[in-house]
Amino acid sequence: AQTVTQSQPEMSVQEAETVTLSCTYDTSESDYYLFWYKQPPSRQMILVIRQEAYKQQNATENRFSVNFQKAAKSFSLKISDSQLGDAAMYFCAYRSAGSIARQLTFGSGTQLTVLP
Amino acid sequence: DAGVTQSPTHLIKTRGQQVTLRCSPKSGHDTVSWYQQALGQGPQFIFQYYEEEERQRGNFPDRFSGHQFPNYSSELNVNALLLGDSALYLCASSSSAGTGNNQPQHFGDGTRLSIL
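Every residue gets a number counted from 1 within its own chain, in the order that chain's sequence is written. Going through the entries in the order they are written, you letter the chains from A and number the ligands from 1. With pLDDT at 70 or above as the cut-off, local features in this predicted model cover only qualifying residues; side-chain atom pairs require 80 or more to be listed or tallied, and sums for whole chains, interfaces and linings still use all residues. Values shown for side chains rest on all heavy atoms present in the structure; no hydrogens or waters enter the calculation.

**Points about the overall build of chain A**
Then comes step 1: Counting from the N terminus, the helices are the DSSP runs of H or I reaching at least four residues and the strands are the DSSP runs of E reaching at least two. The number of helices and strands found in chain A is 0 helices and 12 strands.
Then comes step 2: In sequence order, the secondary structure elements of chain A are arranged as β-β-β-β-β-β-β-β-β-β-β-β.
Then comes step 3: The quantity called the radius of gyration is restricted to C-alpha atoms. Its globule counterpart is 2.2 Å times the number of residues to the power 0.38. Relative to the compact-globule value of 13 Å for 116 residues, chain A shows a C-alpha radius of gyration of 14 Å, a close match.
Then comes step 4: Expressed along its principal axes, the backbone C-alpha trace of chain A runs to roughly 45 × 30 × 20 Å.
Then comes step 5: Within the span of chain A, comprising 116 residues, buried residues form 51% of the whole.
Then comes step 6: The long-range share in chain A, meaning contacts at least 24 apart out of those at least 6 apart in sequence, stands at 55%.
Then comes step 7: The Shrake-Rupley method, run with a 1.4 Å probe, gives the accessible areas here. Residue values count only the displayed protein chains as cover. Accessible area of chain A: about 5,500 Å², with a carbon and sulfur share of 46%.
Then comes step 8: Chain A carries 10 positive and 10 negative side-chain charges, and their two centres are separated by 7 Å. A simple rule labels every residue: compare its accessible area, found with a 1.4 Å probe on the protein chains alone, to the largest value its type can have, and call it buried under 20%, exposed over 50%, or partly exposed in between. When checking whether two residues touch, look at their non-hydrogen atoms; a contact exists if any pair is within 4.5 Å. Only four residue types enter the tally: Lys and Arg on the positive side, Asp and Glu on the negative side, with His and both chain ends excluded. In this description, the location of a charge corresponds to atom NZ of lysine, CZ of arginine, CG of aspartate or CD of glutamate.

Following this line, the structure appears as structure tokens:
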């Protein structure tokens, strides 16, 4: 079974600064997808960015980028120019490419606080 | 274009009771997954419905059951409620069309279930 570990329960960053959230995972599979989801107090899980394991290039979405290290099974999220609206719980998630249901396995989350 | 909608928003039950939660998928989506998110934790996969059948199930007891209707909407039923069933229940929908394996799941706002 796959596991996802987020070792930082809480992080804080000054507005306009850069912060990196860590995620490691354990799997014996070679083909899979990785995701970062954001969950604000409104509770809706919002997809921030995703990475296909077969792609060596790190994914980027505007101010959000990842550092995907497949051999190390590491998938960190970098948020540049942090904004107050970035404050939320961030979850790293894994999805097998082979699973018929394609269900997500989540980490325990990192609570990000953005300081004005 | 409505996203994933869940009802009710919040529900209070007592131990031993039964509860039904409802989910309408995003327009164009035919697959519905249910997740349980305990306080301070990441969501855990309960099961997934596709073509009105349970396609895959996570590590949850038979007290948790579901249904999918011809219009793709879904229900999650929990019998003999326990205190430990208190959680946020999230519904996620996705499409099986095209390169279905690459389709992200879209989440609803969840139903907060409190067991007294």
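So, next bit.
**Description of the layout of surface pockets**
Then comes step 1: Using only the protein atoms, space was sampled on a 1 Å grid; points where a 1.4 Å probe fits but cannot get out form cavities, open sets with protein on both sides within 12 Å along at least five of seven lines form pockets, and lining residues are those with an atom within 4 Å of a point. Grid points are joined across faces, edges and corners, and a volume is the space filled by probe spheres set on the points. Of the volumes computed, that of the largest pocket is approximately 390 Å³.
Then comes step 2: For the largest pocket, the lining is made up of 18 residues, of which L104(A), T105(A), F106(A), Q44(B) and F45(B) are closest to its centre.
Then comes step 3: For the lining of the largest pocket, the secondary-structure elements that each account for two or more residues are strand 10 (88-96) and strand 11 (104-106) of chain A together with strand 5 (44-50) of chain B.
Then comes step 4: A breakdown of the residues in the lining of the largest pocket according to their chemical character gives 7 nonpolar, 10 polar and 1 charged.
Then comes step 5: By volume, the second largest pocket is sized at about 230 Å³. Classification used: nonpolar for Ala, Val, Leu, Ile, Met, Phe, Trp, Tyr, Cys and Pro, charged for Asp, Glu, Lys and Arg, polar for all others including Gly.

**Observations regarding the state of the cysteines**
Then comes step 1: Disulfides are defined in this document as cysteine sulfur pairs within 2.5 Å. One pass over the structure, following the stated rule, counts 2 disulfides over all chains.
Then comes step 2: Residue C23(A) pairs covalently with C92(A) via a disulfide, S to S 2.0 Å. Its S-S torsion of approximately -70 degrees makes the covalent link between C23(A) and C92(A) left-handed. With C23(A) in the loop between strand 3 (19-21) and strand 4 (24-26) and C92(A) in strand 10, this pair connects stretches of sequence that are 69 residues apart. For the pair shown, C23(A) and C92(A) are each scored as buried.
Then comes step 3: Each sulfur in the disulfide pair C23(B) and C91(B) lies 1.8 Å from the other. Between C23(B) and C91(B), the S-S torsion sits near -60 degrees, and that sign places the bridge as left-handed. Residue C23(B) is found in strand 3 (residues 19-24), and its partner C91(B) is found in strand 9 (residues 87-94); the two are separated by 68 residues along the sequence. Here C23(B) matches C91(B) in class, with each residue buried.

**Digging into the pairing of strand 6 (residues 46-52) of chain A**
Residues and elements named next belong to chain A.
Then comes step 1: DSSP-based pairing: two strands are paired if at least 2 bridges between them are found. Across 6 bridges, strand 5 (residues 32-39) lies against strand 6 in antiparallel orientation. When the sheet's bridge partners are listed, Y33 is paired in strand 6 with E52.
Then comes step 2: Here strand 5 hands over to strand 6 after 6 residues, with R43 in that stretch at a positive phi of 85 degrees.

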